[in-house]
Amino acid sequence: MGRYRGLVLPGLLILFGAVALAANLNLLQWNSLYRLLDLWPVLLILGGVELALRGLASPRAASAIGIALVVLTAVGAIAYVALASAIPTGGQVLDSSEPVSGLTAASLDVSFGAADGNIHAEPLEGTLFTSHIEYGGAKPDVSFDRSQGSLTISDSRQGFGFFFGPRSRRRIDVALDNSLPWSISVSGGASHVTLALGSLPLKDLSLSGGANNVTLTLGPPTGTVAVDVSGGAESVTIHRPSGVEARVVASGGANSVRLDNQHLSGFGDSSAQTAGYDAATNRYAIDVSGGASNVSVVSP
């Protein structure tokens, strides 16, 4: 008779692996995975069943029952995530803005999970930025350091509220004044992010921390502008203006990366660049690393 090895750990592996695989195959939307948090009591149930099986059933019977339970749990989790209603947007609103007041450059750092983000550039005529956030639960953190010209927007949710409190999606809309250059960082697992920066003098940009479903529109660069995509960022499309030169370097497990019609190898370090990149003064240097995948750099 085989030795009973328990079912909580294999149950977890099968549950999260099966749902993540379904998302990779586009059977589920990645932002739907937050619905898995609704199922955390299942872990308690599986743990209780495991303890009961150890005392009441033979090792062989316990193993058979355990396998059946983890399979049913995985199938049920996929069905729940696929059929459950979308996580609602919170009912509270936070609006912020600041004047330019002599600043010559600025930076934006957005760190949010379970959020729909829209970051865009436009002439704000003396206003440095405006931000509009719809949220539920804990109030987001919006801070501005005028001495550094740095704007930080982050999720302030902490502790057990992440599991026990009501979940809601957050919607973020940030308008940046396009009369001065910006450094931009987006992280924290935000999903469905649109960055319309065609009129912005961009200094550099970073996408990390699991940001996914990102559409980035770039404008004409000044000098060599660095764009970094890392940390598990998923499904990123970067649009650059026609005729703008670019170089893409893929490393650290990045896969499914392409520059126009050039596909980069998913093994080891690889790179590709447009024909006039070396001679260009104004260009984009794009680095894709840290498990980022499905990254496309395209031009009209």
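Look above for the structure.
Notes on the structure in this doc start here. Quick caveat: nothing in here was measured; it's all calculated off a predicted structure. (Residues numbered from 1 in each chain as written. Predicted model: local features only at pLDDT ≥ 70, side-chain atom pairs only at ≥ 80, totals over all residues. Heavy atoms only, no water.)

## Points about the overall build of the chain
How we decide: Only runs of H or I of at least four residues qualify as helices and only runs of E of at least two qualify as strands under DSSP, and these elements are numbered from the N terminus. Partly exposed residues are those whose accessible area sits between 20% and 50% of the maximum for their type, while under 20% is buried and over 50% is exposed, using a 1.4 Å probe and protein chains only. Between two residues, a contact is recorded if the distance between any of their heavy atoms is within 4.5 Å. Surface accessibility in these figures is a Shrake-Rupley result with a 1.4 Å probe; residues are shielded only by whichever protein chains are displayed.
Counting its secondary structure elements, the chain contains four helices and 19 strands. The buried share among the 300 residues of the chain stands at 43%. In the chain, the share of contacts with a sequence separation of at least 24, taken over all contacts with a separation of at least 6, comes to 66%. If you sum the accessible surface of the chain, you get close to 14300 Å²; carbon and sulfur atoms cover 58% of it.

## Some words on the nonpolar core
For clarity, the threshold we go by: In plain words, nonpolar cores are sets of buried Ala, Val, Leu, Ile, Met, Phe, Trp, Tyr and Cys residues tied together by side-chain atoms within 4.5 Å.
In terms of nonpolar packing, the biggest core is built from 57 residues, with Leu-108, Trp-182, Ile-184, Leu-195 and Val-229 touching the most fellow members. In terms of residue count, strand β4 (residues 127-135) provides more of this core than any other element does, four residues in total. Those residues in contact with Ile-184 that lie beyond four places of it in its chain are Leu-108, Leu-176, Leu-195, Leu-197, Leu-200, Leu-202, Asp-204, Leu-205 and Ser-206.

## Notes on the pattern of salt bridges
Worth spelling out the cut-off: Salt bridge criterion: a side-chain nitrogen from Lys or Arg within 4 Å of a carboxyl oxygen from Asp or Glu.
Enumeration over the complete set of coordinates arrives at four salt bridges. Here Arg-171 ties to Glu-134 by a salt bridge, and the two come within 3.4 Å at their closest N and O atoms. Highlighted residues: Arg-171 in strand β7 (residues 170-177) and Glu-134 in strand β4, separated in sequence by 37 residues. Given the relative accessible area of 37%, Arg-171 is considered partly exposed. Here Asp-260 and Arg-240 are joined by a salt bridge, their closest N and O atoms 2.8 Å apart. Of this pair, Asp-260 sits in the loop between β15 (255-259) and β16 (262-264) while Arg-240 sits in the loop between β13 (234-239) and β14 (245-250); the two residues are 20 residues apart in sequence, bridging distant segments of the chain. According to the relative accessible area criterion, Asp-260 is partly exposed, its value standing at 22%. Under the relative-accessibility criterion, Arg-240 is labelled buried at 6%.

## Some thoughts on the sheet that holds β4
Spelled out, the test is: Paired strands, as defined in this entry, are two strands with at least two bridges between them according to DSSP. Lines fitted to C-alpha atoms define the axes, with helix axes restricted to the stretch in contact, and inter-axis angles between N-to-C directions lie between 0 and 180 degrees.
Here we have ten strands laid out as an open sheet, ordered β1-β4-β7-β3-β9-β11-β13-β19-β15-β16, and mixed in their pairing. Among the strands making up the open sheet, the edge pair consists of β1 (92-99) and β16. Each adjacent strand pair in this sheet contributes to an overall mean axis angle of 10 degrees, direction not counted. The sheet contact formed by strand β3 (residues 115-122) and β7 spans eight bridges and is parallel. Paired with Asn-118 across the bridge in β7 is Asp-173.

## A word on the pairing of strand β17 (residues 270-273)
With burial as the criterion, only one face of β17 is covered, namely that bearing Ser-270 and Ala-272; the residues Ser-271 and Gln-273 on the opposite face remain uncovered. Sheet topology note: the β14/β17 ladder contains four bridges and is antiparallel. In the sheet register, Ala-250 faces β17, and the bridge partner there is Ser-270.

## Describing the pairing of strand β5 (residues 141-145)
Across five bridges, β5 lies against strand β6 (residues 150-154) in antiparallel orientation. Its bridge partner being in β6, Val-142 is matched across the sheet by Ile-153. Taken together, β5 and the strand that follows it, β6, pair antiparallel across an intervening segment of four residues, in which Gly-149 is found at a positive phi of about 65 degrees.

## Focus: empty space enclosed by the protein
Defined as follows: The definitions used throughout rest on a 1 Å grid laid over the protein atoms alone, on which a cavity is an enclosed set of points accommodating a 1.4 Å probe that cannot get out and a pocket is an open set flanked by protein within 12 Å on both sides along at least five of seven lines; lining residues are those having an atom within 4 Å of a point. Grid points are joined across faces, edges and corners, and a volume is the space filled by probe spheres set on the points. Residues are grouped as follows: nonpolar covers Ala, Val, Leu, Ile, Met, Phe, Trp, Tyr, Cys and Pro; charged covers Asp, Glu, Lys and Arg; every other residue, Gly included, is treated as polar.
One pass over the full model with this rule turns up one cavity of 30 Å³ or more. By volume, the largest cavity amounts to about 60 Å³. Around the largest cavity, the lining residues are Val-110, Phe-112, Ala-115, Gly-117, Asn-118, Ile-119, Ile-172, Val-186, Ala-190 and Val-193. Looking at the lining of the largest cavity residue by residue, the classes come out as eight nonpolar, two polar and no charged.

## Quick word on the sheet that holds β14
Spatially, β5-β6-β2-β8-β10-β12-β18-β14-β17 is the arrangement adopted by the nine strands of the open sheet, whose pairing is mixed. At either margin of the open sheet sits one strand with a lone partner, and together these are β5 and β17. Within the sheet, the average angular offset between the axes of one strand and its neighbour, ignoring direction, is 10 degrees. In this sheet, strand β18 (residues 283-288) lies alongside strand β12 (residues 224-229) in parallel orientation, the contact comprising six bridges. Bridge pairing in β18 links Ala-226 to Ala-285.

## Thoughts on a nonpolar patch on the surface
For clarity, the cut-off: For patch detection, residues must exceed 30% relative accessible area and be free of salt bridges, and they are connected within 9 Å for like charges or within 5 Å for nonpolar side chains (Val, Leu, Ile, Met, Phe, Trp, Tyr).
A surface patch of nonpolar side chains, amounting to about 270 Å² of accessible area, comprises Ile-67, Val-71 and Val-75. With respect to the element layout, Ile-67 can be found in helix α3 (residues 59-83).

## Considering the environment of Glu-245
Let me state the cut-off plainly: Pairs of N or O atoms are called polar contacts if they sit within 3.5 Å, as long as, within protein, a hydrogen donor faces a hydrogen acceptor (for residues adjacent in sequence, only side-chain-to-side-chain pairs).
Looking at the secondary structure, you find Glu-245 in strand β14. Each C-alpha atom of the pair Glu-245 and Ala-279 lies 9.3 Å from the other, and the pair is 34 residues apart in sequence. Non-local contacts of Glu-245, meaning those with residues more than four positions away in its chain, are made with Arg-240, Thr-274, Ala-275, Gly-276, Tyr-277, Ala-280, Arg-283 and Tyr-284. A polar contact is formed between the side chain of Glu-245 and the backbone nitrogen of Gly-276, at a distance of 3.3 Å.

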